Amino acid sequence: MKLLTHNMLTSHVKGVTKGYPLLIKATEVKVNEVEFNSQFVSRMIPKLEWSALVQAAEGLGHLEDLSAELVADYENNEEFLKKVHKVLLEVEVVEGSLQCPESGREFPISRGVPNMLLNEDEV
Amino acid sequence: MELSEASVNAVKMSKERKKLIRKQMKSCHILLKHDGIRTASHVTKSLVVANGGLGNGVSREQLCAAMKEMGELETIIMSPHKPYAFATYSSEQSAQKAHGLLNGHLLHCGDNSVTLYLSFVDSVPCEAEEHVPLPEGLSLVEDFVSSEEEALLLAAVDWVTFDDDTAQKALKHRRVKHYGYEFRYDTNNVEKDKPLSVGLPDECVPILERCLKDGHIGAMPDQLTVNQYQPGQGIPPHVDTHSAFEDTILSLSLGSKTVMEFRHPDGRVVAVLLPGRSLLVMKGESRHLWSHGITPRKFDMVPACHPEPPAAITPDLGNPGNLTLSKRGTRTSFTFRRIRRSPCQCAFPSACDSQGAPSSLPSAPSLPRCQGDAARLEEEYVHRVYDAIAPHFSGTRHSPWPRVCDFLSSLVPGAVLADVGCGNGKYLGVNPEVVALGCDRSSALVHICAERGFQAFVSDALNVPMLTASCDACISIAVIHHFSTPERRLAAVRELMRLLKPGGRALIYVWALEQEYNKQRSKYLKHQSREPSRSPNTAEGQSEDSASPKRTVNSHGDVGITNVDRLDTEVSGPVDQRPGEDQVHHGKLSVHTNRTAFNSQDLLVPWHLKDGKGKAGKGRKGGREAGNRDVIRETALAVSKDNPSIAENILPSIGPASDCKTEPTDSNRRSTPPDSMSAKVATPNACLDSSLPSSTKDTDHARKSCPGFEAAATPAIPESSTAAAVFHRYYHVFQQGEIEKVCCQVDGVKVQTSYHDQGNWCVILVKD
């Protein structure tokens, strides 16, 4: 699970109102090499919940000195975009879980795949 | 001024405490809202433990262990599937202590951890016990063999022959081995003139002599079937063929206990706990009329304290009782039977093949009448199937459909795309400029996506864990037709639209009832006309990437559509007389014959998994050759009024069906006559009162037996033909105009385009 994906996921347990962002509990993380496309990264940024990304990256120990606030004029800041690229697309949680911040319910991540299926009584 | 350490700590604690109180209040609120449980604000002797229930994966032992430490514990009540438990202490003091120490406590249960929230309650549900008798003719003898004997018997089985069995491995079926005579699935009977070269192992002899001596049987059995079940494996409900075997059937449970469910034609279900080393004796009604099966699962709900043997576990109807979860281990059953040499003349002709009934009595489903039924139907006939066939399925799904690609290519770079029901990720890489996220209900398929480098997660299409209005576009290709009620299909569309931002677009493809459109037959039908005997398995021809993956005229041959105005006009019904949706409502699900036109909207479509073809299909037809080696052909479901439940297990049908049990009527060993059974509570899986569909085809086929519902493992001796495995998937195929009607029921959504593409009805929707 890349952090880009994590940024889009939320807890959907019944009754939970503040299920985003999910807390990451990682037991295995890897960093892949992914081809850098500055335009792609640039386009992604406005779609992200920036603070959730920073929080997640920090939690994994891969903050890469990304600032808590978005840099102004990031489209032209290649260095910045490269850092974002790494955090967003290269860092991957292989094993661990995603935890609902409100109910504590954990969703396992196994071989890079989060299992977000709910039980009958959580739906 | 600096804060002292103490007051800093006090502030810290108070923050955590506030958080805990908040969460606890939330749990109280949820308990009240969903379960009507009122919590008390004063101290009482009883507590409700939220998150400490069987539904949370917490076992009775685990909870008891945690709670006992707090004081004298009187009772613990755990209802099946509930996410809470009740505990009553003998004093308020103990309860208060428990509350203080366990509220907010993280309880570790194996792989699982839960945070408990405790609240006082004025009352707890009361327990009542129901006594349910075992089926007539059934009895259970505990401790029939010693541990040493058990070990000897288990060692006597040589499983080596099976390790090469790819189909068995791929399908994760229980292992089966026969001695004496082989049971054949194509005839659903034994080859009585061809005994196997291997007779019953010597180790069985003392055990059988004991059975004789104890009066369970009158003559030595000459056939043995050994079944080995891993946790999560089972066997579909069935009645052992009357004409094949004599009355009494014995089954020894070794290695682990399990719960076996007996179903009577009138709808009664009795779940029976079979302890390890016990002997089940099945005679009379329990052997001839009741079906028996083992639900494939990893945990059973069993009585907490060992009940008076033998125990029938009663259906729990709001009766909490003292249940606990029991994890399954590997169970090996030895089923001894005696070949019947003359026609059966039992008193149960409705189930008797010697007296005219179809020889196999698989359970067959009908349309669900409630959410629970629907979910269960889909679990059996969609989810389990995809998980089992995932690699094979993925191998046949490699060419993205052009018009779907068109939609994907039309998205602006940087668009966020959700593919709900992404399968093997076929569409996730089509447009590399978009951010594609896939989700699917099948974990096996999602892992295939991950292996291919795509981002995907496991989720249900009715409840996608993404924020509202987070996507620029969504696709749902060949997904919604797997939902078994109109409400669920509508809910699926709603959920898809919820994900969209205003102005976002969704593309939906569903299989069409009308496979011929504008005089063009779909590829699905076309393959049939070209080569009638080939590939029995082409599930959705339109999605099958066989002969010509390149664009053909046909894929654009769907003229005469995409006129939005058309949607405003009254939708014309299909040309032939097809059952309308209301008619189908009470209907029965028929099994479709691949490569032919659909004759009903709700059906089960066979998928043939050829032995050894668990890997991706090769060649033109995805590597599946029909041939005379295929023992199984599409057949109508043999349906009998006598098996009124939804099949627990639609694992393919190869291998011996039965795991039969018998009961002693007059034994001195610890067996008790059926009517003195005491029963504790448990909930058998899916005791649904579904009526059976009538067979759409002749009963001849039925006699050849619906393989779909028999057990699934390869026959012991390779000399038998390589039977193929058949799975059935549930589909609701859509009539012209139907998907648009569903979409129009969703607020804030407009149908932008609609068209027919190779046997599918397709819509593009826009969110306001």
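## Regarding the sheet that holds strand β14 (residues 249–254) of chain B
Residues and elements named next belong to chain B.
Turning to step 1, where the next piece is worked out: Read across the sheet, six strands follow the order β8-β17-β14-β22-β12-β9 without closing on themselves; strand pairing throughout is antiparallel. In this open sheet, the two strands that pair with only one neighbour each are β8 (138–141) and β9 (175–179). Pairs of neighbouring strands in the sheet enclose a mean axial angle of 15 degrees, with direction left out of account.
Turning to step 2, where the next piece is worked out: Across the sheet, helix α4 (residues 147–155) is in contact with β14 and β22 (331–337); its angle to β14 comes to roughly 100 degrees.

## Some details on helix α10 (residues 443–451) of chain B
Turning to step 1, where the next piece is worked out: Where α10 of chain B is concerned, the buried positions are Leu445, Val446, His447, Ile448 and Cys449 of chain B.
Turning to step 2, where the next piece is worked out: In this fold, the buried residues of α10 of chain B make contact with β3 (106–110) and β4 (113–114) of chain A together with α8 (371–395), β24 (435–440) and β25 (456–458) of chain B.
Turning to step 3, where the next piece is worked out: In the stretch just after α10 of chain B, Gly453 of chain B is the one whose phi turns positive, near 90 degrees.

## Quick word on the interface of chain B and chain A
Turning to step 1, where the next piece is worked out: Each side of the interface is counted separately: chain B has 32 residues, and chain A has 31 residues.
Turning to step 2, where the next piece is worked out: Taken together, both faces of the contact between chain B and chain A bury some 2,700 Å²; the carbon and sulfur share is 59%.
Turning to step 3, where the next piece is worked out: Of all residues in chain B, the largest losses of buried area upon contact with chain A belong to His447, Gln455 and Pro465 of chain B, amounting jointly to 20% of the total for that side.
Turning to step 4, where the next piece is worked out: The tally of links between chain B and chain A comes to three salt bridges.
Turning to step 5, where the next piece is worked out: A salt bridge links Lys47 of chain A to Asp472 of chain B, with the nearest nitrogen and oxygen atoms 2.8 Å apart.
Turning to step 6, where the next piece is worked out: In this structure, the connection of chain B to chain A is made through 11 residue pairs in polar contact (both at pLDDT 80 or more).
Turning to step 7, where the next piece is worked out: A class-by-class count of the residues in the side of chain B that touches chain A yields 17 nonpolar, eight polar and seven charged.

## Observations concerning the environment of Leu4 of chain A
Turning to step 1, where the next piece is worked out: Examined against the element boundaries, Leu4 of chain A turns out to sit in helix α1 (residues 3–8).
Turning to step 2, where the next piece is worked out: Taking the C-alpha atoms as reference, Leu4 of chain A lies 9.6 Å from His85 of chain A; in sequence the two are 81 residues apart.
Turning to step 3, where the next piece is worked out: Setting aside residues no more than four positions away along its own chain, Leu4 of chain A makes contact with Met44, Leu48, Leu88 and Leu89 of chain A together with Val435 of chain B.

## Side note on the packing of aromatic side chains
Residues and elements named next belong to chain B.
Turning to step 1, where the next piece is worked out: All told, the structure shown has eight aromatic pairs over all chains when counted by the stated rule.
Turning to step 2, where the next piece is worked out: Among the aromatic side chains, those forming a connected cluster through ring pairs are Trp401, Tyr509 and Tyr755.
Turning to step 3, where the next piece is worked out: Just above the ring of Phe144 sits the side chain of Arg210; from NZ or CZ to the centre is 5.6 Å.
Turning to step 4, where the next piece is worked out: Between the NZ or CZ atom of Arg403 and the centre of the ring of Tyr755, over which it lies, the distance is 3.7 Å.

## Looking at the pairing of strand β34 (residues 749–757) of chain B
Residue and element names in this part refer to chain B.
Turning to step 1, where the next piece is worked out: Extensive coverage of β34 is indicated by the burial of seven of its nine residues.
Turning to step 2, where the next piece is worked out: The sheet contact formed by β34 and strand β35 (residues 760–767) spans eight bridges and is antiparallel. Paired with His756 across the bridge in β35 is Trp761.
Turning to step 3, where the next piece is worked out: Connecting the antiparallel pair β34 and β35 is a turn made up of two residues, with Gln758 showing a positive phi of about 45 degrees.

## Thoughts on the environment of His42 of chain B
All names here are of chain B.
Turning to step 1, where the next piece is worked out: Along the polypeptide, His42 turns up in the loop between β1 (39–40) and β2 (46–50).
Turning to step 2, where the next piece is worked out: Taking the C-alpha atoms as reference, His42 lies 8.9 Å from Asp122; in sequence the two are 80 residues apart.
Turning to step 3, where the next piece is worked out: Beyond its immediate sequence surroundings of up to four residues, His42 is in contact with Phe120 and Asp122.
Turning to step 4, where the next piece is worked out: One polar contact links His42 to Asp122, side chain to side chain, over a distance of 2.9 Å.

## Thoughts on the nonpolar core
Turning to step 1, where the next piece is worked out: Within the largest apolar cluster, 71 residues are counted, with the highest numbers of intra-cluster contacts made by Leu98 of chain A together with Met466, Val493, Ile508 and Leu765 of chain B.
Turning to step 2, where the next piece is worked out: Contact partners of Leu98 of chain A, with chain neighbours within four places excluded, come to Met1, His6, Leu9, Leu22, Leu23, Ile24, Arg105, Glu106, Phe107, Ile109, Pro114 and Met116 of chain A.
Turning to step 3, where the next piece is worked out: Ala87, Leu107, Leu116 and Phe120 of chain B belong to the second-largest nonpolar core, a separate cluster that totals 27 residues.

## A few points about the pattern of salt bridges
Turning to step 1, where the next piece is worked out: Counted according to the given criterion, the structure contains 24 salt bridges over all chains.
Turning to step 2, where the next piece is worked out: Each member of the salt-bridge network shares a partner with another, and the members are Glu261, Arg263, Arg297, Asp300 and Arg328 of chain B.

## A closer look at helix α6 (residues 204–213) of chain B
Residues and elements named next belong to chain B.
Turning to step 1, where the next piece is worked out: All of the buried residues along α6 are Cys204, Ile207, Leu208, Arg210 and Cys211. Down the axis of α6, the buried side of the element spans an arc of 150 degrees, and every buried residue falls inside it.
Turning to step 2, where the next piece is worked out: Its buried side turned inward, α6 meets α4, β12 (223–229), β14, β17 (278–282) and β22.
Turning to step 3, where the next piece is worked out: Downstream of α6 by one or two residues, Gly215 has phi in the positive range, about 80 degrees.

## Some remarks on the packing of helix α3 (residues 50–60) of chain A against helix α4 (residues 78–90) of chain A
Residue and element names in this part refer to chain A.
Turning to step 1, where the next piece is worked out: The N-to-C vectors of α3 and α4 enclose an angle of 70 degrees; their axes lie 11 Å apart at closest approach. Here α4 runs roughly perpendicular to α3, going by the angle between their axes. Once α3 is placed against α4, the crossing between them reads as left-handed. Contact with α3, carried on its side by Trp50, Leu53 and Ala57, involves Phe80, Val84, Val87 and Leu88 of α4 and no other residues of that element.
Turning to step 2, where the next piece is worked out: Among the residues making up the contact of α3 with α4, the classes are represented as seven nonpolar, no polar and no charged.

Conventions used here
Numbering of residues starts from 1 in every chain and runs along the sequence as written. Chain labels run from A onward and ligand labels from 1 onward, assigned in the order the entries are written. Only residues with pLDDT of at least 70 get local features here, since the model is predicted, and only at 80 or more are side-chain atom pairs given and counted; chain-wide, interface and lining totals rely on the full set of residues. Hydrogens and water are ignored here; the side-chain numbers use all heavy atoms of the structure. Being paired, for any two strands, means DSSP has found at least two bridges between them. Helix numbering and strand numbering both begin at the N terminus, where a helix is a DSSP run of H or I of at least 4 residues and a strand a DSSP run of E of at least 2. Orientation is described by lines fitted to C-alpha atoms, with helices fitted over the stretch in contact, and by angles between N-to-C directions that extend from 0 to 180 degrees. We call two residues contacting when some pair of their heavy atoms lies within 4.5 Å. Accessibility here uses a 1.4 Å probe with only protein chains present; expressed as a share of the type maximum, an area under 20% marks a residue as buried, one over 50% as exposed, and anything in between as partly exposed. A simple way to read buried area is as the amount of 1.4 Å-probe accessible surface that goes missing from two parts once joined, with both sides added. Only one rule defines a salt bridge in this text: a Lys or Arg side-chain nitrogen within 4 Å of an Asp or Glu carboxyl oxygen. Polar contact criterion, stated in full: a pair of N or O atoms within 3.5 Å, where within protein one must be able to donate a hydrogen and the other to accept it, and residues adjacent in sequence count only if both atoms are side-chain atoms. Residue polarity follows a fixed list, in which Ala, Val, Leu, Ile, Met, Phe, Trp, Tyr, Cys and Pro are nonpolar, Asp, Glu, Lys and Arg are charged, and the others, Gly among them, are polar. Working definition: a ring pair exists when centres of Phe, Tyr or Trp rings (six-membered ring for Trp) sit within 6.5 Å. Plane angles under 30 degrees give stacked, over 60 give edge-to-face, the rest tilted. Geometrically, a lysine NZ or arginine CZ counts as sitting over a ring once it is within 6 Å of the ring centre and also within 35 degrees of the ring normal. As used here, the term nonpolar core means buried Ala, Val, Leu, Ile, Met, Phe, Trp, Tyr and Cys residues forming a set that is joined through side-chain atoms within 4.5 Å. When we speak of the arc, we mean the arc of directions from the helix axis to the C-beta atoms. Here roughly perpendicular refers to angles of 65 to 115 degrees, roughly parallel to angles under 35, roughly antiparallel to angles over 145, and oblique to all remaining angles. Definitions for this section: a left-handed crossing has its near helix turned counterclockwise from the far helix by less than a right angle. A right-handed crossing has that turn clockwise.

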